[in-house]
Amino acid sequence: MAHTHESNTKRIWFVFGLLSVITVVEVALGIAKPDFLYKTDLFNMHLLNWIFIILTVAKAYYIMWAFMHLEGEKANLRWSIVAPLVFLIIYLVFILLIEGNYVFDVFKESQYKWIF
């Protein structure tokens, strides 16, 4: 029995389109910086930053889903790969934002001045 080759052209264009739309939304929000998103805080961080984090995690998940061919695997295997990576991405972003905010506050409120 010979294995037949299936064309994935439609799927490739769908993945390209979806990832492009998410990227265009991220770039447009970064350029426009709407005041209602930029000046609204949620858990001590701008709502716009939360949107960037959510869109980035969604894009990373879909990249793993499509390019690592996880859609054909069992749910347990998918979650054993995706869950740690999503957790680590969220953790990295959290640590970077907390530490960046701390450094900003140190230079803003202390006698040390920005030298860079």
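Note that the structure is predicted; figures quoted are calculated from it, not measured.

*Asks:* Sorry if this is basic, but what is going on with a nonpolar patch on the surface here?
*Replies:* Among the surface-exposed residues, Phe 87, Leu 88, Tyr 91, Phe 94, Ile 95 and Ile 98 lie close enough to one another that they form a single nonpolar patch of about 610 Å² accessible area. Checked against the element boundaries, Ile 95 lands in helix H4 (residues 75–109).

*Asks:* Would you explain the nonpolar core in this entry?
*Replies:* In globular proteins that are soluble, nonpolar side chains generally tend to be buried together. Of all hydrophobic cores here, the largest spans seven residues; its members are Met 45, Ile 53, Val 57, Met 64, Leu 70, Val 82 and Val 86. Contributing elements (two or more residues each) for this core: helix H3 (47–67) and H4. Broken down by element, the residue count for this core peaks at three residues, all from H3. Setting aside anything within four residues of it in sequence, one finds Val 57 in contact with Val 86, Ile 89 and Ile 90.

*Asks:* Sorry, what's going on with the packing of aromatic side chains here?
*Replies:* Centre-to-centre distance and the angle between the planes together describe a pair of aromatic rings. Taken as a whole and assessed by the stated rule, the structure comprises four aromatic pairs. Judged by centre distance (5.6 Å) and plane angle (85 degrees), the rings of Trp 13 and Phe 16 are edge-to-face. Remark: Phe 16 and Trp 13 occur in helix H1 (residues 9–32); sequence separation between them is three residues, near one turn of the helix. Take Trp 13: its relative accessible area is 57%, and that puts it in the exposed class. Between Phe 14 and Tyr 62, the aromatic rings sit 6.5 Å apart at their centres with planes inclined by 75 degrees, giving edge-to-face as the arrangement. Placement of the pair is Phe 14 in helix H1 and Tyr 62 in helix H3, with a sequence separation of 48 residues. Positioned over the ring face of Tyr 38 is Lys 33, at 4.9 Å from the centre of the ring.

*Asks:* Please clarify how the side chain of Lys 59 should be interpreted in this entry.
*Replies:* In this structure, Lys 59 sits in helix H3. With a relative accessible area of 17%, Lys 59 lands in the buried category. Only 3.0 Å separates the side chain of Lys 59 from the side chain of Thr 23, close enough to count as a polar contact. Reaching out from Lys 59, the side chain makes a polar contact with the side chain of Glu 26 at a distance of 3.0 Å. Ignoring sequence-local partners within four residues, the contact set of Lys 59 consists of Leu 19, Ile 22, Thr 23 and Glu 26.

*Asks:* Can you help me understand the pattern of salt bridges in this one?
*Replies:* Side-chain pairs of opposite charge can arise whenever the charged atoms involved come near each other. Inspection of the entire model under this criterion finds two salt bridges. Among the salt bridges present, the one from Glu 71 reaches Arg 11, with a minimum N-O distance of 2.5 Å. Within this pair, whereas Glu 71 is found in the loop between H3 and H4, its partner Arg 11 is found in helix H1, the two being separated by 60 residues in sequence. We classify Glu 71 as partly exposed; its relative accessible area is 31%.

Rules used throughout
- Residues numbered from 1 in each chain as written.
- Predicted model: local features only at pLDDT ≥ 70, side-chain atom pairs only at ≥ 80, totals over all residues.
- Heavy atoms only, no water.
- Patch = residues over 30% accessible without salt bridge, like charges linked within 9 Å, V, L, I, M, F, W, Y side chains within 5 Å.
- Areas by Shrake-Rupley, 256 points an atom, 1.4 Å probe, with all protein chains shown as cover.
- Salt bridge = Lys/Arg side-chain N within 4 Å of Asp/Glu carboxyl O.
- Helix = DSSP H or I, 4+ residues; strand = E, 2+ residues; numbered from the N terminus.
- Core = buried A, V, L, I, M, F, W, Y, C linked by side-chain atoms within 4.5 Å.
- Buried < 20%, exposed > 50% of the residue type's maximum accessible area, 1.4 Å probe, protein only.
- Contact = heavy atoms within 4.5 Å.
- Phe/Tyr/Trp six-rings, centres within 6.5 Å; stacked < 30°, edge-to-face > 60°.
- Lys NZ or Arg CZ within 6 Å of the ring centre and 35° of its normal.
- Polar contact = N/O pair within 3.5 Å; in protein donor to acceptor, adjacent residues only side chain to side chain.

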